[in-house]
Amino acid sequence: MSHKNLLTTLSIALFSLSISACNNNDSDHSNTVVETKKQPNILFIMADDLGYSDLGAFGGEIHTPNIDALTKEGRILTDYHTAPTCSPTRSQLISGTDHHLAGIGAMAELTPAHLKGQPGYEGYLNERSLSIAEVLKDNGYRTYISGKWHLGLTAETNAHVKGFDHSFTLLQGLDLHFKQAPSAYKRNATYTEDGKVVPISALPDDFFSTNYFTDKLISYLESGKNSGKPFFAYAAYTAPHWPLQAPAEYRDRYRGVYDAGYDVIRNGRIARQKQLGLIPANFTAAEPIATQNAPQKYGKWNELSAEQKVLEARRMEIYAGMVENLDANIGRVIEYLKRNNLYDNTLIFFVSDNGADALSVVIMEPNLF
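Here the structure is a predicted model, which means the values were calculated and not measured. (Residues numbered from 1 in each chain as written. Predicted model: local features only at pLDDT ≥ 70, side-chain atom pairs only at ≥ 80, totals over all residues. Heavy atoms only, no water.)

(A) Broad picture of the nonpolar core. Among the nonpolar cores identified, the biggest contains 53 residues, and Phe168, Tyr191, Tyr237 and Tyr258 are the most heavily contacted of them. Within the residue set of this core, elements represented by two or more residues are strand 1 (41–47), helix 2 (65–73), strand 3 (166–170), helix 5 (209–223), strand 6 (231–236), helix 7 (262–276) and helix 8 (306–339). In terms of residue count, the dominant contributor to this core is helix 8 (13 residues). Grouped together as the second largest cluster of nonpolar side chains are 24 residues, Met46, Tyr80, Ala159 and Tyr234 included. (Core = buried A, V, L, I, M, F, W, Y, C linked by side-chain atoms within 4.5 Å. Buried < 20%, exposed > 50% of the residue type's maximum accessible area, 1.4 Å probe, protein only. Helix = DSSP H or I, 4+ residues; strand = E, 2+ residues; numbered from the N terminus.)

Below you can see the structure in the form of structure tokens.
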């Protein structure tokens with residue numbers, strides 16, 4: 001299902017629900033009882049640079065019970081497509097149209113100089129776009145976003161003016177996941193809440209992006225739970241996008257799991273995908289190609305030095321910890337819905353904005369190893 005189709009489907013669903021509540025097909029004016037159907041809540045969860053096979057439900061070795069449960073209770077969209085990079089995908093979701101029409105033909109950071117500012121390459125969600133939040137708000141929804149925006153850096157292009165009642169957003173495409181930055185790291189990140197800049201210094205000392213985005217989203221849901229209105233909540237996580245950083249309690253959960261190297265992990269995932277019926281039993285994987293930006297940038301696993309193997313394995317361990325932490329936070333949102341009797345009337349979507357990034361950067365921290 002495309003993002004365009006998603007917006008169209010949601011709009012049609014809302015329209016259909018409103019019509020069914022008003023129309024009793026009462027041609028003979030009899031006293032027919034009209035059943036008023038509640039509009040469904042909508043929770044849209046987007047991971048950042050999550051690999052297709054990283055989740056347990058898709059053959060991964062990472063512990064992701066909450067996302068796995070969603071796949072068992074719901075449906076896997078097998079012909080769902082996103083753009084190949086961050087902001088184009090996000091613009092498609094928010095606008096319901098092709099990312100060129102929405103003004104983000106390419107990520108602003110990657111747009112060639114001769115295209116910058118041209119129609120379709122404005123670098124922000126342009127004025128020709130009507131956001132899904134605006135559409136749903138007009139249909140009686142309360143609307144929230146917490147996480148990565150990446151669709152404009154100015155007050156005029158902020159989520160706050162694009163139909164979101166409450167918003168806590170990272171405007172750029174990435175930032176550290178912790179509040180504290182290594183002394184050598186040049187930070188360039190802007191956070192806003194309801195359109196107002198939130199200085200990094202004002203973030204709590206224990207800030208970790210995935211945890212905090214979840215805290216904010218739950219607080220927004222809580223603030224409007226007695227309004228009588230359904231909600232559209234967009235959880236736009238920045239995990240597991242690099243830099244590879246995980247909370248202390250997640251850093252060592254996968255110690256030793258990746259010591260066997262790329263090929264063993266990859267082959268294990270493929271075998272499990274065959275067992276799950278996600279790929280044909282006779283599927284044969286192509287040989288990985290080592291490039292400068294690929295995970296095998298040093299060469300094949302058996303060609304790495306002992307020191308290189310330790311670093312590469314640690315990268316995979318930290319990445320896995322980030323994914324498990326992401327799953328745990330999604331579990332927190334789902335638990336909130338269940339506790340407040342909202343779960344059964346909530347449409348939940350989970351996607352990644354694109355596949356895994358070939359470049360994984362570890363920002364060194366004390367005791368990382």
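(B) Region of the structure containing the environment of glutamine 92. Inspection of the secondary structure puts glutamine 92 in helix 3 (residues 86–95). Note: C-alpha distance between glutamine 92 and leucine 125 (33 residues apart in sequence) is 9.6 Å.

(C) The arrangement of the side chain of aspartate 353 in detail. Mapped onto the elements of the fold, aspartate 353 is located in the segment after strand 7 (346–352). The class for aspartate 353 is buried, based on a relative accessible area of 0%. Here the side chain of aspartate 353 touches aspartate 49 through a polar contact of 2.9 Å, landing on its backbone nitrogen. A polar atom in the side chain of aspartate 353 sits 2.9 Å from the side chain of arginine 90. Apart from the residues lying within four places of it in its own chain, the contact partners of aspartate 353 are Met46, Ala47, Asp48, Asp49, Thr82, Ala83, Thr85, Cys86, Thr89 and Arg90. (Polar contact = N/O pair within 3.5 Å; in protein donor to acceptor, adjacent residues only side chain to side chain. Contact = heavy atoms within 4.5 Å.)

(D) View of the pattern of salt bridges. Evaluation of the coordinates by the stated rule reveals 19 salt bridges. Arginine 272 is paired through a salt bridge with glutamate 61; the nearest N and O atoms lie 3.6 Å apart. Linking arginine 272 in helix 7 with glutamate 61 in the loop between strand 1 and helix 2, this pair joins segments that are 211 residues apart in sequence. Given the relative accessible area of 30%, arginine 272 is considered partly exposed. For glutamate 61, a relative accessible area of 22% translates into the label partly exposed. (Salt bridge = Lys/Arg side-chain N within 4 Å of Asp/Glu carboxyl O.)

(E) Structural detail: the pairing of strand 3. Of all the 5 residues making up strand 3, 4 are buried; the element is thus mostly covered by neighbouring parts of the structure. Alignment of strand 2 (residues 142–148) against strand 3, held across 5 bridges, turns out to be parallel. Paired with serine 146 across the bridge in strand 3 is phenylalanine 168. Relative to strand 4 (residues 191–193), strand 3 runs antiparallel, the two sharing 3 bridges. Along strand 4, the bridge assignment pairs leucine 170 with tyrosine 191. (Pairing = 2+ DSSP bridges.)

(F) Local environment of the packing of helix 2 against helix 8. Two elements in contact, helix 2 and helix 8, have axes whose closest approach is 7 Å; the angle formed by their N-to-C orientations is 60°. On the basis of the axis angle, helix 2 is oblique to helix 8. Facing Pro65, Asn66, Ile67 and Leu70 of helix 2, the residues of helix 8 in contact are Asp327, Ala328, Ile330, Gly331 and Ile334. Split by residue class, the contact of helix 2 with helix 8 holds 6 nonpolar, 2 polar and 1 charged. (Axes fitted to C-alpha atoms, helices over the stretch in contact; angles between N-to-C directions. Parallel < 35°, antiparallel > 145°, perpendicular 65-115°, else oblique. Nonpolar A, V, L, I, M, F, W, Y, C, P; charged D, E, K, R; others polar.)

(G) Main features of the packing of aromatic side chains. All chains considered together, the criterion is met by 13 aromatic pairs. Geometrically, the ring pair formed by phenylalanine 178 and phenylalanine 208 is tilted, given 5.1 Å between the ring centres and 55° between the ring planes. Of this pair, phenylalanine 178 sits in the loop between strand 3 and strand 4 while phenylalanine 208 sits in the loop between strand 5 (196–198) and helix 5, and the two are 30 residues apart along the sequence. Each member of the pair, phenylalanine 178 as well as phenylalanine 208, carries the same accessibility label: buried. Over the ring of tyrosine 250 we find arginine 253, and its NZ or CZ is 4.0 Å from the ring centre. Positioned above the aromatic ring of tyrosine 343, the side-chain terminus of lysine 338 is 4.7 Å from the ring centre. (Phe/Tyr/Trp six-rings, centres within 6.5 Å; stacked < 30°, edge-to-face > 60°. Lys NZ or Arg CZ within 6 Å of the ring centre and 35° of its normal.)

(H) Layout of the side chain of asparagine 41. Looking at the secondary structure, you find asparagine 41 in strand 1. Among the polar contacts made by the side chain of asparagine 41, one reaches the main-chain amide nitrogen of phenylalanine 231 at a distance of 3.0 Å. Non-local contacts of asparagine 41, meaning those with residues more than four positions away in its chain, are made with Tyr141, Pro230, Phe231, Leu342, Asn345, Thr346 and Leu347.

(I) Focus on the sheet that holds strand 3. The strand order across the open sheet formed by 7 strands is 5-4-3-2-6-1-7, and the pairing between neighbours is mixed. Each edge of the open sheet carries a strand with a single partner, namely strand 5 and strand 7. On average, adjacent strands in this sheet sit at an angle of 15° to one another, irrespective of strand direction. Along the sheet, helix 3 makes contact with strand 1, strand 2 and strand 6, crossing strand 1 at roughly 170°.

(J) Representation of unusual backbone geometry in the model. In this chain, alanine 239 is followed by proline 240 through a cis amide linkage whose omega measures 0°. Locating proline 240 in the fold gives a position in the loop between strand 6 and helix 6 (248–251). In this model, tryptophan 242 is joined to proline 243 through a cis peptide bond whose omega is 10°. Backbone geometry at aspartate 49 places phi at a positive 60°, although glycine is not the residue there. For aspartate 49, the location among the structural elements is in the loop between strand 1 and helix 2. Looking at aspartate 49, the relative accessible area reads 6%, which means it is buried. We note that histidine 150 has phi near 60°; this positive angle belongs to a residue other than glycine. Within the secondary structure layout, histidine 150 lies in the loop between strand 2 and strand 3.

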